[in-house]
Amino acid sequence: MRKRSAALATIACALTAAVTFGAGSPAYASIDATVVVQRVGSTGNAGSMTHEDVGDIFAVWDRVADGHGVRGSLIDGSGTTLKSIYNGNGNGTNVKFAYDIKPGNTYYMKVCLVDGASDTTPIKCAMGYVYE
């Protein structure tokens, strides 16, 4: 019985160490949610917004040189925009922000093609949910 208890304790310690040290490592970071807005007039990814759970980092990507910028917004379940950021830096670039989303709540990521940072009439949008 003592051998079994010692073996279980050893396994528990090893798993705790793996989770503790592995979770903080960038190699283990993963994208937990992605929303993609398609190109205007053709197929393909024009822009996207991603959520990485480690650190609650959101990235807004411009994926194609089409003359449009990309705006990404984080919206709560009641429809209130919590954070919005514009990426007008060009093809293949991203801008990031952190926002601590709370477990048990649903949030939405909205990504739109826009013509400039102050454009209030998006050309095309896509929306998806993210939660913790």
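None of these values were measured; they are calculated from a predicted model. (Residues numbered from 1 in each chain as written. Predicted model: local features only at pLDDT ≥ 70, side-chain atom pairs only at ≥ 80, totals over all residues. Heavy atoms only, no water.)

(A) Inspection of the nonpolar core at higher detail. Met49, Phe58, Leu74, Met109, Val111 and Val130 are the most contacted members of the largest nonpolar core, which totals 20 residues. Elements with a minimum of two residues in this core: strand S1 (31–38), strand S2 (45–52), strand S3 (57–62), strand S4 (69–76), strand S6 (93–98), strand S7 (106–114) and strand S8 (124–131). The element best represented in this core is S7, accounting for four residues. With near-sequence residues (within four places) excluded, Phe58 lies in contact with Met49, Thr50, His51, Leu74, Val95, Lys96, Phe97, Tyr99, Ile101, Met109 and Val130. (Core = buried A, V, L, I, M, F, W, Y, C linked by side-chain atoms within 4.5 Å. Buried < 20%, exposed > 50% of the residue type's maximum accessible area, 1.4 Å probe, protein only. Helix = DSSP H or I, 4+ residues; strand = E, 2+ residues; numbered from the N terminus. Contact = heavy atoms within 4.5 Å.)

(B) Expanded view of the packing of aromatic side chains. This structure, assessed with the given rule, holds two aromatic pairs. The interplanar angle of 10° and the centroid separation of 5.6 Å between the aromatic rings of Tyr129 and Tyr131 together place this pair among those described as stacked. In this pair, the class of Tyr129 matches that of Tyr131, namely exposed. (Phe/Tyr/Trp six-rings, centres within 6.5 Å; stacked < 30°, edge-to-face > 60°.)

(C) Summary view of a nonpolar patch on the surface. Among the surface-exposed residues, Tyr108, Met127, Tyr129 and Tyr131 lie close enough to one another that they form a single nonpolar patch of about 460 Å² accessible area. Ranked by the residues each element gives to the nonpolar patch, the list is headed by S8, at three residues. Look at Met127 and you get partly exposed, because its relative accessible area is 49%. (Patch = residues over 30% accessible without salt bridge, like charges linked within 9 Å, V, L, I, M, F, W, Y side chains within 5 Å. Areas by Shrake-Rupley, 256 points an atom, 1.4 Å probe, with all protein chains shown as cover. Salt bridge = Lys/Arg side-chain N within 4 Å of Asp/Glu carboxyl O.)

None of the figures reported here should be taken as evidence of function without further support.
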